[in-house]
Amino acid sequence: MIAKQLSVFIENRQGRLGEVLEVLKENKVNIISLSLADTTEYGLLRLIVNNPKLGKEKLSDNGFSTMLTDVLAVKIAHKSGSLQGLLELLSKNGINIEYMYGLSIDGDVASVVLKANDLQKADEILCKNGAETLSNEQILNF
Amino acid sequence: MIWNETKECMSRDEMTALQSKRLVKLVDYVYHNVEFYRKKMQSKGLLPSDIKGIEDVTKLPFTTKDDLRDNYPFGLFAVPNSEIVRVHASSGTTGKATVVGYTRRDLDIWAECVARCFTMAGISKNDIMQIGYGYGLFTGGLGAHYGAEKIGAMVVPQSTGNSKKLITMMLDFGATAIACTPSYLLHIAEILEEENLLDKVKLKTAVCGAEPWTDKMRIELENKLHIHAHDIYGLSEVMGPGVACDCEFHKGLHVCEDHFYPEIINSSTMQPEKDNVLGELVFTTFTKEGLPLIRYRTKDLTSIDHTKCECGRTSARIGKFKGRVDDMLIIRGVNVFPSQVEAALLEVQEILPYYMIIVDRVDNLDTMEIQVEVNEKYFADEIKGLESLTKKVAHTVNQALGLNAKIKIVEPHTIDRADGKAVHVIDKRKLY
């Protein structure tokens, strides 16, 4: 299952990240997980939120460059080696990962968000091999 | 020292007589050899015989950079291509270059003018002179080169781009003179200072040009390097470096008036201005065969002084430049028009047609940053996507300008969109 991630382009200047969060707060968009990639000049804020569409709409209204990106939220066992196994599986099948970050941990189960060069294929391979990829609704109830 | 005392120290009456004779000849020459001028004169009802002396110059029509562009590449040449022995080119407003052509005699006169300038700066055959201008289509390198050879100096054709090698040779050869842009020389001076090499430098004289600079900058250069620095002026359309230069008194730049006739006009009324009144500098080339120019508008703002200089020269002097009539920027010696940048950016569909150019001087080198906004449709959420976009824009700009610019992606709507009067350039350098 493909999930939607909210991506925001922010210039690397003081207070700008806070302004993004302010807009999300005012519109009651709740953040489940986030990752921030930074360069000297700008950053890319990647968010898993409860309502990505609303988040994009409101951020765009406030002048931010935003987009909804397809990602995979993959459930894995919360134990040593499980992430490595997942990556090996993808790599063996010629899938390259663009970026990845942790989503959540709950007891014995954890999950990660990843973006791959061929997301559909990655999803198929993972599902075929018994892994579970979550939709946005499933993430919320996870 | 004066290279050509006969010409440089002529009385005003003699100069006027010489200029009158040359103007009459020039007008007759262009009328019969360049269709563009013939048509322009005909449309004003002017015949060559109407020009009887230098005082009639104001009857003649102006020529602009646009005219050169419209007649790209060789349309304004007055001789067949077989007589042209060299061309140079500079960037134009729309990406098309402005091409200039020289006959063998033109090159001789060019070297003569540069020789006058270098001699004015105190350079002679006893000097070892590094030429730190780019060699190539730009007139700076080859122009300065042949002038330096003409006076018999030991010429080191250094060109640009390798400061380390320039410094090594400056020290190893014991170079005593250098020609380059003033900002480049300051940059070199700073490297020398950092490496504690200033006392090993044998440099005595620098002739700097190709970009505007202030007296303050000259004094800084002189104090840092213990040299005399001189300002040389020129533009490729008129010839290249060597049109004018300042002597040891630094009271304006002596124009090689027997070859180039300077006028200052009011660019609104197009009427001539009196001495010492600020206006646009206009040149008529008396002796050029390849690309003769009638009242060419340089767009440079300055004033003129016809009084005799303390150095003994009688030639008219133009003052330090006070700015431009148009929006042209000179960055690292390269002419840049914001419209060129705009045209280049329009080629890249991933970005929006809004931009801001920020020009600055960091460690005495000009920097150009262009801020652009990404078209939301092409926005990438991967750093590598944004980086490759930045590279693509930088490459496109480099192709158009021949100059590296730093491209900075900014958030949408951060660039001013006001139509027409939008500010597209922030120049943080203090050049005038």
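Residues numbered from 1 in each chain as written. Chains lettered and ligands numbered in written order. Predicted model: local features only at pLDDT ≥ 70, side-chain atom pairs only at ≥ 80, totals over all residues.

### A word on the overall build of chain B
Broken down by element type, chain B carries 11 helices and 21 strands. Viewed in the frame of its principal axes, chain B has a C-alpha envelope of about 70 × 60 × 45 Å. Within chain B, counting contacts between residues at least 6 apart in sequence, those at least 24 apart form 66% of the total. (Helix = DSSP H or I, 4+ residues; strand = E, 2+ residues; numbered from the N terminus. Contact = placed C-beta atoms within 7 Å.)

### Digging into the domain arrangement of chain B
Residue and element names in this part refer to chain B. The domain architecture assigned to chain B consists of domain 1 (5-326) and domain 2 (331-427). Broken down by element, the side of domain 1 that touches domain 2 gets its largest block of residues, four residues, from helix H8 (residues 182-194). Each residue belonging to the side of domain 1 that touches domain 2 can be placed in one class, and the counts come to two nonpolar, nine polar and two charged. (Domains from an automatic or database assignment. Nonpolar A, V, L, I, M, F, W, Y, C, P; charged D, E, K, R; others polar.)

### Some remarks on the nonpolar core
Formed by 94 residues in total, the largest nonpolar core has its most connected members in Met129, Leu185 and Val243 of chain B. Per-element tally for this core: the top contributor is helix H5 (residues 104-120) of chain B, with nine residues. Aside from chain neighbours lying at most four places away, what touches Val243 of chain B is Cys113, Tyr233, Gly234, Leu235, Val238, Val255, Cys256 and Phe260 of chain B. Grouped together as the second largest cluster of nonpolar side chains are 54 residues, Ala3, Val8, Ile48 and Ala116 of chain A included. (Core = buried A, V, L, I, M, F, W, Y, C linked by C-beta atoms within 7 Å. Buried ≥ 20, exposed ≤ 12 C-beta atoms within 10 Å, placed from the backbone.)

### Some remarks on the confidence of the model for chain A
Averaged over all residues, the pLDDT of chain A is 93; the fraction at 70 or higher stands at 99%. The weakest mean pLDDT in chain A belongs to helix H5 (residues 136-141) of chain A at 88; the strongest belongs to helix H1 (residues 16-26) of chain A at 96. (pLDDT = per-residue confidence, 0-100.)

### Quick word on the interface of chain A and chain B
In this complex, chain A contributes 16 residues to the contact, which on the side of chain B involves 12 residues. Listed by contribution, the elements that provide at least two residues to the side of chain A that touches chain B are strand E1 (2-11), strand E3 (42-49), strand E4 (65-77) and strand E5 (97-106) of chain A. Tallied by class, residues from the side of chain A that touches chain B come to seven nonpolar, five polar and four charged.

### Description of the domain arrangement of chain A
Residue and element names in this part refer to chain A. Taken domain by domain, chain A consists of domain 1 (2-70) and domain 2 (72-141). Across the boundary between the two partners, domain 1 contributes 13 residues, which contact 16 residues of domain 2. Counting only elements with at least two residues in the side of domain 1 that touches domain 2, the list comes to E1, strand E2 (31-38) and E4. Counted by class, the side of domain 1 that touches domain 2 contains six nonpolar, five polar and two charged residues.

### Remarks on H5 of chain B
Residues lying three or four places apart along an α-helix face the same way, a consequence of the helix completing one turn every 3.6 residues. Residues and elements named next belong to chain B. Taking 1.5 Å as the rise per residue, H5 with 17 residues should run 24 Å; its terminal C-alpha atoms sit 24 Å apart, in good agreement. Counting buried positions along H5 yields 13 of 17 residues, so the element is predominantly enclosed. Just downstream of H5 lies Gly122, where phi reads positive at about 90°. (Expected span 1.5 Å × (residues − 1).)

### Focus: the pairing of E2 of chain A
Residues and elements named next belong to chain A. With seven bridges connecting them, E2 and E3 associate as antiparallel partners. For Ser35, the partnering residue across the bridge sits in E3 and is Arg46. Taking the residues between adjacent antiparallel strands as the criterion, E2 and E3 are bridged by three residues. (Pairing = 2+ DSSP bridges.)

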